[in-house]
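# Fold and geometry: a report
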Amino acid sequence: MDWNIILIGTLASLGAGLATGLGALPVFFKKNISDKALDLLLGFAAGVMLAASAFSLLVPALNLSAEDGGAPNFNSENLQNLWTVGIVVIGVLAGAFFIDIIDRWAPHEHFVKGPEGKVSKRLAATWLFIIAITIHNFPEGLAVGVSFGSGDVSQIAMGLVVAIAIGLQNIPEGTAVAMPLLREGYSKKKAFLIATFTGIVEPVGAFIGVAVVNIARFFLGFGMAFAAGAMIFVVADEIIPETHGKEHSRQVTFGIIFGFVIMMFLDNFIEPVLTTIL
């Protein structure tokens with residue numbers, strides 16, 4: 001086990017997670033923000049997550065070598081392709097079903113969709129909201145962790161790009177968490193702390209992800225697909241319904257596209273630059 005890579009992956013995810021606090025800072029200077037602006041911010045975050053799932057997780061998982069956890073060296077190229085695609089498909093479905101199960105059973109609450117899961121009356125509304133954001137953020141941390149993979153130069157570069165992307169989308173997410181809490185009557189300090197706290201779960205997911213694929217390299221392709229499936233589920237089941245139920249849904253759609261393009265640029269331009277530097 002390479003503890004250096006595990007530490008780097010966990011710390012990178014911690015930095016990305018704490019970006020929610022950066023996004024929450026406006027609560028100290030602004031009393032309110034429009035629903036349109038909040039939804040645009042969440043749309044941008046969704047676009048980043050979708051592009052990260054595609055370019056930083058699924059595409060690399062489909063192109064892994066046998067040494068990095070891809071398909072064994074079958075005599076038939078078709079068998080190799082079938083094995084690789086099959087593992088990725090299973091990983092995506094497993095990640096989606098994993099978040100679905102947590103979403104169905106963990107008590108939590110959304111500002112628009114309201115309470116979900118096995119809601120307990122003994123839990124305060126604040127904690128229900130924190131649990132909802134935690135469910136959202138865990139797969140993001142997992143994505144950062146598995147992206148560091150075996151720890152070679154290209155994997156470290158990819159992991160850093162994913163961490164940058166997750167941190168980038170966590171900034172508007174922090175705003176989208178803190179401002180509604182302020183409207184609900186929470187103090188500026190409490191809204192800021194709650195928004196920052198929601199990102200702390202990401203290093204936990206990163207540690208699990210990077211440790212598993214570092215110990216058992218053959219899990220790398222499955223792990224990347226699992227994280228992608230979990231993030232795609234969050235976008236489709238949580239963010240899009242939360243942001244597209246109002247009259248400004250078209251603008252939110254362009255926010256998603258803009259976030260997607262930004263992440264696509266980061267993955268296909270910044271990652272090669274980092275690989276050269278490292």
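Since the model is a prediction, treat every value here as computed from it, not as a measurement.

### Here we look at the packing of helix H2 (residues 35-62) against helix H8 (residues 220-243)
- As a packed pair, H2 and H8 sit with axes 9 Å apart at the nearest point and diverge in direction by 160°. Looking at the two axes, H2 sits roughly antiparallel to H8. When you trace H2 past H8, the crossing you get is left-handed. Here H2 contributes Asp-39, Leu-42, Ala-46, Met-49, Leu-50, Ala-52, Ser-53, Ser-56, Leu-57, Leu-58, Pro-60 and Ala-61 to the contact with H8, which in turn contributes Gly-221, Met-224, Ala-225, Ala-227, Ala-228, Met-231, Ile-232, Val-234, Val-235, Ile-239, Glu-242 and Thr-243.
- Its residues assigned to classes, the contact of H2 with H8 comprises 18 nonpolar, four polar and two charged.

### Quick word on the nonpolar core
- The biggest cluster of nonpolar side chains holds 65 residues, and the ones touching the most others in it are Leu-57, Val-144, Phe-148, Met-224, Met-231 and Met-263.
- In terms of residue count, the dominant contributor to this core is helix H5 (residues 153-183) (14 residues).
- If sequence neighbours within four positions are ignored, Phe-148 has contacts with Ile-5, Ile-8, Gly-9, Ala-12, Gln-155, Ile-156, Gly-159, Leu-160 and Val-210.

### Concerning the packing of H5 against helix H9 (residues 249-277)
- Packing of H5 against H9 brings their axes to within 9 Å, and their N-to-C directions diverge by 145°. Seen from above, H5 lies across H9 with right-handed handedness. The residues of H9 that touch H5, namely those facing Val-153, Ser-154, Ala-157, Met-158, Leu-160, Val-161, Ile-164, Ala-165 and Leu-168, are Ile-262, Met-263, Leu-266, Asp-267, Ile-270, Glu-271, Leu-274 and Thr-275.
- In the contact of H5 with H9, the residues fall into 13 nonpolar, two polar and two charged.

### Points about H2
- Under the 1.5 Å per step criterion, the end-to-end length of H2 is 39 Å for 28 residues, consistent within 8% with the ideal 40 Å.
- The largest bend in H2 is about 30°, located at Ala-52.

### With respect to the environment of Leu-40
- Mapping Leu-40 onto the fold places it in helix H2.
- In this structure Leu-40 comes out as partly exposed when scored by relative accessible area, which is 30%.
- Taking the C-alpha atoms as reference points, Leu-40 and His-248, 208 residues apart in sequence, are found 8.8 Å from one another.

Reading the values: rules and limits
- Numbering of residues starts from 1 in each chain and follows the order in which that chain's sequence is written.
- Given that this is a predicted model, residues contribute local features only at a pLDDT of at least 70 and side-chain atom pairs are listed and counted only at 80 or more, while totals for whole chains, interfaces and linings are drawn from all residues.
- Side-chain metrics in this entry use all non-hydrogen atoms of the structure; hydrogen atoms and water are not considered.
- Here an angle of 0 to 180 degrees is reported between the N-to-C directions of two axes, which are lines fitted to C-alpha atoms, with helices fitted over the stretch in contact.
- Segments assigned H or I by DSSP are reported as helices when at least four residues long, segments assigned E as strands when at least two residues long, and all are numbered from the N terminus.
- For classification purposes, an angle smaller than 35 degrees is called roughly parallel, one larger than 145 roughly antiparallel, one from 65 to 115 roughly perpendicular, and anything else oblique.
- Whether a crossing is left-handed or right-handed is set by the direction in which the near helix is turned from the far one by less than a right angle, anticlockwise for left-handed and clockwise for right-handed.
- What makes two residues a contact is simply this: any of their non-hydrogen atoms within 4.5 Å.
- Residue polarity follows a fixed list, in which Ala, Val, Leu, Ile, Met, Phe, Trp, Tyr, Cys and Pro are nonpolar, Asp, Glu, Lys and Arg are charged, and the others, Gly among them, are polar.
- Only buried Ala, Val, Leu, Ile, Met, Phe, Trp, Tyr and Cys residues count toward a nonpolar core, and they belong to the same one when joined by side-chain atoms within 4.5 Å.
- Residue burial is assigned from relative accessible area. The probe radius is 1.4 Å, only protein chains are included, and a residue is buried under 20% of its type maximum, exposed over 50%, and partly exposed in between.
- Given a helix with a known number of residues, its expected span is that number minus one, times 1.5 Å.
- The bend reported for a residue corresponds to the angle between axes fitted to the seven residues ending at that residue and the seven starting there.

The values reported here are purely geometric and, on their own, carry no functional implication.
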